[in-house]
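Close look at the chain arrangement
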2 protein chains.
Amino acid sequence: MRGFNLAQYEFRTLKAQQLMQQHELGALLLTTETNVRYFTGFLTRFWESPTRPWYLIIPQSGKPIAVIPSIGEALMSKTWVEDIRTWPSPDLTDDGINLLSETLNEVAKKNRIGIPSGAETHVRIPRNDLIKLSQNVNLSHDFEIVKNLRMIKSKEEIVKIEKACMIAKEAFGRVPEIASENIQLDEVFRRFQVLCLEAGADWVPYLAGGADTEGYDDVISPAKEAPLKRGDLLMLDTGLVWDGYFCDYDRNWSIGAPSSGVKKAYSQLLDASDAAFELAKPGAMASDLFHAMNTVLTKNASGTDAGRLGHGVGMSLTEWPSLIPDDHTVLETGMVLSLEPGIALSDKIIVHEENIEITETGARYLSPKVNKELPVI
Amino acid sequence: MRGFNLAQYEFRTLKAQQLMQQHELGALLLTTETNVRYFTGFLTRFWESPTRPWYLIIPQSGKPIAVIPSIGEALMSKTWVEDIRTWPSPDLTDDGINLLSETLNEVAKKNRIGIPSGAETHVRIPRNDLIKLSQNVNLSHDFEIVKNLRMIKSKEEIVKIEKACMIAKEAFGRVPEIASENIQLDEVFRRFQVLCLEAGADWVPYLAGGADTEGYDDVISPAKEAPLKRGDLLMLDTGLVWDGYFCDYDRNWSIGAPSSGVKKAYSQLLDASDAAFELAKPGAMASDLFHAMNTVLTKNASGTDAGRLGHGVGMSLTEWPSLIPDDHTVLETGMVLSLEPGIALSDKIIVHEENIEITETGARYLSPKVNKELPVI
C-alpha cells in the first residue's frame, strides 16, 4: 500500500504535541522535505527545486497547518491537512515570511516555537528571511522532538524500508549481467540504476561505489570512466526509494579471483557486521554496536576514517543515530540501522553494509544478509 | 569532456574575489552542494546524506579552502583545492564548528564573512551550530555575489546543459515505446527514467508529470498508479543531470486524438513560448519575458498559479532569475532559462517548457523546439 492510514499521522502529531507540552512549545516549525512529509504525507520530488520555501506548523492541538507556495496547494489538499495557507511564490519582496509570522503568532500566541536545530538538520529558509522571522516570533530549538519521533519507525514504515531493500536485492542479484571485465564503471553505474528501476524503485537518489585493485579510493566519488579490470574489487552502494523510504546498503564483487588479502578483509567485515548484529537489541547503545565492530576490524588492520560504522535509515538515506563511540542513543524496537564496517587495506578501503531492524527481542535483517564467500564475476 | 579546465575555477574565484573586495568582505562561506561545487568541481551524490556539514571558504586571494569531513578528503584532494582541513564527522560535541571558526578568523581576520542569504538559498548548517558560529565570526549576507556569478554560464557550462538537453531529447523521442493506453502512469515514470539513463544521463534527480482528461491536476505530484486512458493528456517534465548540470523541460502527448480545447491550449502555449523567445536577448528583462508570455496566455484563459513562467537552469534544476512580473533582472549573454508557460483549462492545467541560452544577439534553443502539432500516441 502506498502512503499511510490517517491513524499514522494522527499518532505522530499527537506524540509531538505531548512532547511540545512538556517542553512548553507553542508550535513546531518544519521546513525540510522529510519533516514536512513525516507529519503530512506530502510526497513530491519538487523539493529538488531550491526556489521555494515550504512551511509546516504543528500547533499545540489539532492538525498541522501548511503555509506553502500556491503551486503545492492541489497536492497538499490531498493529504489530511485542512488548513492550507498559500502565497504565489516566488515573491521577491515577501516570500511567505509575513504569512508565516502571522500564522505562527496566531497559533503559538507568544509561546516559543521549536525548530529542529541539532545534528543532521538544517533550516530550509533563506538566511535573510530567517533573520526577519526571528524578529517576529520567538524561535527555539525543538528539544529533538522530531528526531526522537522519526528514529522509531512504525511497522508500516518498516514495511516500506524492507520493500526498498527487496528491490535493491533484485537489482544487486542482476549485477553480473551488467558488470564484467572491460565495461566502464560509469556504464555500470548507469545500468545499475536501470536495474533498480526495473526492479520497482520509484527513483534512485543515491548511488556510490568504486572499483580498483584491493579496494576503492573512497565511498563517495562519482563513477570513473575507466573499464573494470581483472582483480578489481567492485562495490555498489545504493539508496533507492520506494514510496518515500530508503534502503541503504552495498554489495561487493571480485572481478576474477580475489587476492588472499581481499578475501581476508571481506571475511573480517562480515564478522564485524555479525558482531554488531548479535548485540543489536532494545537497551543496547549505538556506541556498543560501534565497539563490537571496531574490535573485530582493528584485529589486523585499522578502521576506515569514515567516522562511523553505521547509522539510521528511513525517510533519509542516512539519519540518527550514528554508530560512533560518542553516540550513546539507547536502541529501541522500531529503529532501522545500517551496519557499515570498513577496512583500510594499504591505500584502499573495503566497505560492507547491511540494513537491520531492531525488534522486541533482538534484530532482523531487512537487507538479505550476504553469503560468506565474496561473489566473483 | 567531464569537469572543467583549471582556468574556469580560477576565473570564478577571481571574479568572486574582486566583488568581495568591492563589498569589503574578508571571505565567502559556502555550505551547499552547488556553491561548493561551483568553486571546486567537488562532485558527489553524497550530499543526499543530510548527516555531515561541508564548508568552503573563498579567501580574499588565493585558492578556496575546504573545511570538510575526513570522508571527503580523498575526493576533494582530486580538485584544485590544496588547503583541505578535515575532522572526523559526525562529532556530536563539535561537528567542525571550531575548526571552521578558527579557519575563518585566520583567513578573514576580523572582516565580515559573506554567506549567501537571499532568495533560493539556504544555509546548510544545523541551527545550533550557526548560532555558535555567529558568536565567533562576523557573518553578513554575500551581496548576491554567488548568485550573480552563477547566473551567467560559461560556454563550457552551457555545453553540459545542452548535452543534458540532448539526452532528454533522445528519451522523450522514445516515449511512444513506453507509454500507451492502459499502461499505469507510475510505470511510465519508471520506464522514462530508464530511457533517460539509457540515453546517457548520469542520474535523474527530477521527474514530474501527469495524465488526465484535458490536462493534469498539478505539475509536482508523484505518478498515480492509474492507467493511461484514451483522451488523456500525458506530460513528462524531467530534470536529468549530465556531469553535474541539469536540463529542465517537458513534453506533452495526447493519448488518442486530442480535444479541440486541448489543441487550442497547446498551440497557445507554443505561441507564448515563441513570444518570449523573440524578446529574449541581452538587455531585456526577466519580467519582459513574463509579460510577453502572459499576454498570449490571458487572451482566452487565465494563467496558472505556478507563480512564474520560467526560470534559470544550471547546476540546480531551477535557479535565478524568475520569469515573474517583479523580477527585473537584465538578461546577459550566457544566461540559461526555461520558458514554461501554463494554461488552466477548467480545473486542469497544461504546461509546456523549453530551455534556451541567451546569446550575444538573441537566444538559442538548447532543448529541441517542439513541432506545432501535439504528438498523438
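Residues numbered from 1 in each chain as written. Chains lettered and ligands numbered in written order. Predicted model: local features only at pLDDT ≥ 70, side-chain atom pairs only at ≥ 80, totals over all residues.

What follows concerns the overall build of chain A. Across its full length, chain A carries 11 helices and 17 strands. Radius of gyration (C-alpha) of chain A: 22 Å, near the 21 Å computed for a compact globule of 377 residues. Projected onto its principal axes, the C-alpha positions of chain A cover 65 × 40 × 40 Å. The buried share of chain A, reckoned over its 377 residues, is 56%. For chain A, contacts bridging at least 24 residues in sequence account for 70% of all contacts bridging at least 6. (Helix = DSSP H or I, 4+ residues; strand = E, 2+ residues; numbered from the N terminus. Rg over C-alpha atoms; globule rule 2.2 N^0.38 Å. Buried ≥ 20, exposed ≤ 12 C-beta atoms within 10 Å, placed from the backbone. Contact = placed C-beta atoms within 7 Å.)

With that settled, consider the sheet that holds strand β13 (residues 336-339) of chain B. Residues and elements named next belong to chain B. The strand order across the open sheet built from five strands is β12-β11-β13-β16-β17, with neighbouring strands paired in antiparallel fashion. Across the chains shown, the open sheet's two edge strands, defined by having one partner strand only, are β12 (319-322) and β17 (363-365). Averaged over all pairs of adjacent strands, the angle between strand axes in this sheet comes to 30°, irrespective of strand direction. With three bridges connecting them, strand β11 (residues 310-312) and β13 associate as antiparallel partners. Paired with G312 across the two strands is L337, which belongs to β13. (Pairing = 2+ DSSP bridges. Axes fitted to C-alpha atoms, helices over the stretch in contact; angles between N-to-C directions.)

What follows covers unusual backbone geometry. Following A:W320, the chain continues to A:P321 via a peptide bond in cis, the omega torsion being -5°. With respect to the helices and strands, A:P321 occurs in strand β12 (residues 319-322). Of note, the bond from B:S89 into B:P90 is cis; its omega dihedral lies within 30 degrees of zero at 0°. Position of B:P90 among the secondary structure elements: in the loop between β4 (83-87) and α4 (97-108). For B:K109, which is not glycine, the phi torsion reads 50° and is therefore positive. One non-glycine residue, B:F143, lies in the positive phi region at around 55°. Note that B:F143 resides in the loop between β6 (139-141) and α6 (145-151).

The two copies are related by a screw motion: chain B maps onto chain A through a turn of 180° and a shift of 0.0 Å along the axis, at an RMSD of 0.0 Å. Accordingly, the operation relating the two chain copies is best matched by a two-fold axis. For chain B, the smallest separation between a C-alpha atom and the rotation axis is recorded for B:V194, amounting to 2.7 Å. The share of interface residues of chain B whose copies in chain A are also at the interface is 98%, consistent with both copies meeting through the same surface. (Least-squares fit on C-alpha atoms with pLDDT ≥ 70 in both.)

This next bit is on the sheet that holds strand β4 (residues 83-87) of chain A. All names here are of chain A. Spatially, the six strands line up as an open sheet ordered β4-β3-β2-β1-β5-β6, and their pairing is mixed. Since the sheet does not close on itself, it has two edges, and those belong to β4 and β6 (139-141), each with one partner. Each strand axis lies, on average, 25° off the axis of its neighbour in the sheet, ignoring direction.

Okay, the interface of chain B and chain A next. Across the contact, 65 residues belong to chain B and 64 residues belong to chain A. Of all the elements in the fold, those that place two or more residues in the side of chain B that touches chain A are α3 (73-76), α5 (127-136), α9 (185-198) and β7 (203-213) of chain B. Grouping the constituent residues of the side of chain B that touches chain A by class yields 28 nonpolar, 21 polar and 16 charged. (Nonpolar A, V, L, I, M, F, W, Y, C, P; charged D, E, K, R; others polar.)

Further remarks concern the domain arrangement of chain A. Residue and element names in this part refer to chain A. Domain assignment breaks chain A into domain 1 (6-150) and domain 2 (155-365). Distance from the C-alpha centre of domain 1 to the C-alpha centre of domain 2: 33 Å. Taken together, the contact between domain 1 and domain 2 spans eight residues of the former and seven residues of the latter. Those elements that provide at least two residues to the side of domain 1 that touches domain 2 are α2 (33-40) and α6 (145-151). Per-element accounting of the side of domain 1 that touches domain 2 gives the leading share, three residues, to α2. In the side of domain 1 that touches domain 2, the residues fall into two nonpolar, two polar and four charged. (Domains from an automatic or database assignment.)

Below, the discussion takes up the packing of helix α1 (residues 6-22) of chain A against α2(A). All names here are of chain A. The N-to-C vectors of α1 and α2 enclose an angle of 115°; their axes lie 7 Å apart at closest approach. Judged by the angle between their axes, α1 and α2 are roughly perpendicular. Contacts between α1 and α2 involve Y9, R12 and T13 from the first element and Y38, F39 and T40 from the second. (Parallel < 35°, antiparallel > 145°, perpendicular 65-115°, else oblique.)

All names here are of chain A. Among the 11 residues that make up strand β7 (residues 203-213), 10 are buried, leaving the element largely enclosed by the rest of the structure. As defined by bridge partners, β7 adjoins strand β8 (residues 232-242) across nine bridges and the pair is classed as antiparallel. By the bridge assignment, A211 is partnered in β8 with L234.

What follows is about the packing of helix α9 (residues 185-198) of chain A against α9(B). For the pair α9(A) and α9(B), interaxial distance at closest approach is 9 Å and the crossing angle is 170°. Looking at the two axes, α9(A) sits roughly antiparallel to α9(B). Every residue of α9(B) that contacts α9(A) at A:R190, A:Q193, A:V194, A:L197 and A:E198 is listed here: B:R190, B:Q193, B:V194, B:L197 and B:E198.

Another aspect to go through is the environment of B:A363. Residue and element names in this part refer to chain B. Mapped onto the fold, A363 is located in strand β17. Distance in space between the C-alpha atoms of A363 and P227 is 39 Å, their sequence separation being 136 residues. Ignoring sequence-local partners within four residues, the contact set of A363 consists of F277, A280, K281, I356, E357 and I358.

For chain A, per-residue confidence averages 95 on the pLDDT scale, and residues scoring 70 or more make up 98% of the total. Scoring the predicted complex yields pTM 0.97 and, for the interface, ipTM 0.97. (pLDDT = per-residue confidence, 0-100.)

Below, the discussion takes up the environment of B:E353. All names here are of chain B. Examined against the element boundaries, E353 turns out to sit in the loop between β15 (348-351) and β16 (354-358). Assessed through the 27 C-beta atoms surrounding it within 10 Å, E353 is described here as buried. For the pair formed by E353 and G310, sequence separation is 43 residues and the distance between their alpha carbons is 8.0 Å. Look past the residues within four positions of E353 in its chain and what remains in contact with it is D237, Y249, D250, S338, L339 and E340.

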